[in-house]
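# Observations on chain architecture
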Amino acid sequence: MTDTALAISLGDPAGVGPELIAAAWARRFADDLPPFFAVGGPDLLAEAAKRRGLSLPVVQIFHPAEALDCFDVALPVLAGIDIDYRPGAPDREGAEFALASLTEAARLAVDGEAAALVTGPIAKARLAEVGFDYPGQTEFVAAACGIAADDAVMMLAGPSLRTVPLTVHIALAEVPRRLSTDLIVRRARIVAAALERDFGIAQPRLAIAALNPHAGEDGRMGDEEARIIAPAIAALQAEGITATGPHPADALFAPRARAGFDAALCMYHDQALIPLKALDFDSGVNVTLGLPIIRTSPDHGTAFGIAGTGQADAGATIAAIRMAGECAMRRADR
């Protein structure tokens, strides 16, 4: 256990984030979770828990250090901001609350007052209406850390698989133009270093996916494998990083293939997220690599349609909290 608790931002208060934080605290002993505190929303969290049929004692704290003293008996909530609970009804006020919670939670992690940052799901379109000028929370957190967005790498991690999309929220037609040997090499270095530092893997094995069907089939279905991806793999191998490929993506995620690597680097968003969500939908975690802090998030959205109904599964939130705590402990032990 670290000597500071994890900070959790609530995400959009009209989504499933608040109720899943409450559910995670209720399972803190059963799932052996590290101490955490919510950044804002004491009344919101209590009402969200009530709608889910949970009895949630809440203690307002005024400094993160207080969280360790009360976590076992109540959910620590940092005082300062709150909002009425209106599940399934996102609005501007809720977006402002979500941004305030995220901003303060990130600051606490960057300043070392929190052991790690776990972010609740947001509605990007709503946040854009209140001045959120980032593609997503990954880029926001990178900026808070003083890190260039290109050096903050998204990894999706579950019990069965870890994947990294080398390009993220862009049109599929843009992917070949955005790929480069330098991009693959730079991000693979970040992934390898993070797997060693934060996940305790002494010699990480990286599988590099092909872009085209059948890995281009000797150029008959595209030349990106020979022109961009293979040179990157050769450069990584020359640096002593265990990297293989380009692997045809249609065979890369079978059980036997998964046993041969620790993370798969994929060329585009869906190539990475489809297998992860197919295998680990309720336990997938979004981890940002390359930061001076630990940041995780459940790999799902706000789910406005089921917010407040008790149907949302807390597995991914619990996995994100557990993974953040494990990574924080490994950094503390180095």
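Below you will find a few notes about this structure. The structure presented is a predicted model; accordingly, all values stated were derived computationally and were not measured. (Residues numbered from 1 in each chain as written. Predicted model: local features only at pLDDT ≥ 70, side-chain atom pairs only at ≥ 80, totals over all residues. Heavy atoms only, no water.)

### Examining the layout of surface pockets
Note the cut-off: Lining residues are those with an atom within 4 Å of a point, where the points come from a 1 Å grid over the protein atoms alone and group into cavities, where a 1.4 Å probe fits but cannot get out, or pockets, open sets with protein on both sides within 12 Å along at least five of seven lines. Grid points are joined across faces, edges and corners, and a volume is the space filled by probe spheres set on the points. Starting at the N terminus, helices and strands are each numbered in turn, a helix being any DSSP run of H or I of at least four residues and a strand any DSSP run of E of at least two. Gly is placed with the polar residues, together with every amino acid not listed as nonpolar (Ala, Val, Leu, Ile, Met, Phe, Trp, Tyr, Cys and Pro) or charged (Asp, Glu, Lys and Arg).
When its volume is computed, the largest pocket comes out at roughly 420 Å³. Considering the residues around the largest pocket, the lining is formed by 18 residues, among which Asp150, Leu166, Thr167, Val168 and Arg187 are closest to the centre. Within the residue set of the lining of the largest pocket, elements represented by two or more residues are helix H6 (137-144), strand S6 (153-157) and helix H8 (181-199). Broken down by element, the lining of the largest pocket gets its largest block of residues, three residues, from H8. Classifying every residue of the lining of the largest pocket gives ten nonpolar, three polar and five charged.

### Section: the sheet that holds strand S1 (residues 6-9)
Note the threshold: Between any two strands, pairing holds if DSSP finds at least two bridges. Here the axes come from fitting lines to C-alpha atoms, over the contacting stretch only for helices, and the angles between their N-to-C directions go from 0 to 180 degrees.
An order of S3-S4-S2-S1-S5-S12-S11-S6-S7-S10-S8-S9 is seen for the twelve strands of this open sheet, with the pairing classed as mixed. Strands at the two margins of the open sheet, each flanked by one partner only, are strand S3 (58-61) and strand S9 (242-247). The mean inter-strand angle of the sheet, taken between neighbouring strand axes irrespective of direction, is 30°. Where S6 lies against strand S7 (residues 162-165), two bridges are found, and the strand directions are antiparallel. The residue bridging alanine 157 from the neighbouring strand is arginine 162, located in S7.

### Re helix H2 (residues 42-51)
We apply this condition: The cut-offs for exposure are 20% and 50% of the maximum accessible area for each residue type, with area from a 1.4 Å probe on protein chains only; residues under the lower value are buried, those over the upper are exposed, and the others partly exposed. Directions from the helix axis toward the C-beta atoms define the arc. Contacts between residues were defined by any pair of non-hydrogen atoms, one from each residue, lying within 4.5 Å.
By the burial criterion, the buried members of H2 are Pro42, Leu44, Leu45, Ala48 and Ala49. One side of H2 carries all its buried residues, which in axial view fall inside an arc of 160°. When the buried face of H2 is taken as reference, the exposed residues oriented beyond 90 degrees from it are Asp43 and Lys50. Buried positions along H2 lie against helix H1 (17-26), strand S2 (36-39), S3, strand S4 (75-78) and helix H4 (92-110). Positive phi shows up at glycine 53, right after H2, with a value of about 80°.

### Regarding the pairing of strand S11 (residues 285-289)
Side-chain direction in a regular strand flips from residue to residue, so the side chains alternate between the two faces of the sheet. Across the five residues that make up S11, a large majority, five, are buried. Because side chains alternate across S11, one face comprises the buried residues Val285, Val287 and Leu289, and the other comprises Asn286 and Thr288, equally buried. Relative to S11, S6 runs antiparallel, the two sharing five bridges. If you follow leucine 156 over to S11, its bridge partner there is asparagine 286. As defined by bridge partners, S11 adjoins strand S12 (residues 295-298) across four bridges and the pair is classed as antiparallel. Looking at S12, one finds that valine 285 is bridged to proline 298. Turn length for the S11-S12 hairpin, with the two strands adjacent in sequence and antiparallel, is five residues, and the turn residue glycine 290 shows positive phi of about 90°.

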